[in-house]
Amino acid sequence: MTMRLAGIRRKTEFSPNHVVNDSLIIHRTGDALRALGAEVTWYDEGTVTPAAFPEKVVFSMAQGPAGSATLAKIEDRGALIINSPRSVMNCYRTSMVKLLPAAGIPFPKSVIVSTDAGVNPREAGFTSSKIWIKRGDVHAVHKEDVTLASTDDEELTLLREFYARDIRQAILQEHLEGDTVKFYSVRGSDLFPWYYLNGVHKTPFSAGRLREIASVAAETLGLWVDGGDAIIGQDGVISIIDINDWPSFAPVREDASRAIAELVFRKAQQYLKSHD
């Protein structure tokens, strides 16, 4: 019997500066699944409806609230979805900044605020002269959605701009000094590449420890396919600052697409066998 899978392409709104790379990774994954013997039907995040969705196994890059809510209904009917829409919503910052510290993941001090509250970050207990202001829901859609601010005026102006764009919650997050490292992961595989986004200090650190922390973070959020960013302090301490559901994997696209396809195929076999 042919394995029939659905692939959900991410809405371009949620691929700022990565539209081509996001498209390439999911289509390469589809190609790799076909090579394994699966049949793939494509859907777009913005057009999926529960009523017209026959496939029971789904690999999805959907990221927006509407698309995730739709896929959650499909998941509730018993479908297997990788990544689960609930894990995607766990990556929204208002959820992530609570879930990761609660699981013991080293994470910068973060405070959720209403964008219309006029909160002075100094009143929120921050002592650093630099504070990140981040939209509270989806990952960045515009370049201002994640901004490093140095003055109260900058911070309050950014919050007001969020409110004007109908973004009701934001994250105030302490700025950590150090090297920024980006990493990618596919659970159940050997794939865990990382590289410096900036390498000012190139402080030695344990890549094994980074993988351990990243793995716990992914499991906490419920992700199978993920990536993220970490700060390596000058003392070698690792702090996670962001986890992304299904990133573009651009530097390792070919290896990643095969690893993701093998994961999806394996999970689909297990699912279909249990639902015979």
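Just so you know, these numbers come straight off a predicted model, no measurement behind them. (Residues numbered from 1 in each chain as written. Predicted model: local features only at pLDDT ≥ 70, side-chain atom pairs only at ≥ 80, totals over all residues. Heavy atoms only, no water.)

Asks: So what exactly am I meant to see when it comes to the nonpolar core here?
Replies: Among soluble globular proteins, nonpolar side chains are generally buried collectively. Within the largest apolar cluster, 29 residues are counted, with the highest numbers of intra-cluster contacts made by Leu5, Leu33, Phe59, Trp246, Phe249 and Ile260. Taken together, the elements giving at least two residues each to this core come down to β1 (3-9), α1 (19-35), β2 (38-44), β3 (57-60), β4 (80-82), β9 (179-186) and α7 (253-274). Sort the elements by how many residues they give to this core and α7 lands first, with 9 residues. For Ile260, the contacting residues outside a window of four places in its chain are Ile25, Thr29, Val186, Val225, Trp246 and Phe249. Formed by 23 residues, the second largest nonpolar core is a distinct cluster that contains Ile213, Leu223, Ile238 and Ile240. (Core = buried A, V, L, I, M, F, W, Y, C linked by side-chain atoms within 4.5 Å. Buried < 20%, exposed > 50% of the residue type's maximum accessible area, 1.4 Å probe, protein only. Helix = DSSP H or I, 4+ residues; strand = E, 2+ residues; numbered from the N terminus. Contact = heavy atoms within 4.5 Å.)

Asks: Looking at this model, I keep getting lost on the side chain of Ser60. Mind explaining?
Replies: By secondary structure assignment, the location of Ser60 is in strand β3. On the basis of relative accessibility, which here comes to 4%, the residue Ser60 falls in the buried class.

Asks: Quick question: what am I supposed to make of the environment of Ser110 here?
Replies: Examined against the element boundaries, Ser110 turns out to sit in strand β5 (residues 110-114). On a C-alpha basis, the gap between Ser110 and Val200 in space is 25 Å, while along the polypeptide they are 90 residues apart. With near-sequence residues (within four places) excluded, Ser110 lies in contact with Val97, Ile171, Leu172 and Gln173. Looking at Ser110, its side chain comes within polar contact range of the main-chain oxygen of Pro108, at 3.0 Å. At 2.9 Å, the side chain of Ser110 and the side chain of Gln173 are in polar contact. (Polar contact = N/O pair within 3.5 Å; in protein donor to acceptor, adjacent residues only side chain to side chain.)

Asks: Before we go on, may I ask you to explain the packing of aromatic side chains in this structure?
Replies: For any two aromatic rings, the description comes down to two numbers: the centre-to-centre distance and the angle of the planes. As enumerated under the stated definition, the model contains 7 aromatic pairs in all. An angle of 75 degrees between the planes, with centres 5.6 Å apart, marks the rings of Trp42 and Phe59 as edge-to-face. Here Trp42 is found in strand β2, whereas its partner Phe59 is found in strand β3, with 17 residues between them in sequence. Relative accessible area serves as the criterion here: at 0%, Phe59 is assigned to the buried category. On the basis of an interplanar angle of 35 degrees and a centroid distance of 4.8 Å, the ring pair of Tyr43 and Phe53 is categorised as tilted. Of this pair, Tyr43 sits in strand β2 while Phe53 sits in the loop between β2 and β3, and the two are 10 residues apart along the sequence. Owing to a relative accessible area of 16%, Tyr43 belongs among the buried residues under this scheme. Phe53 sits in the buried class, given a relative accessible area of 6%. (Phe/Tyr/Trp six-rings, centres within 6.5 Å; stacked < 30°, edge-to-face > 60°.)

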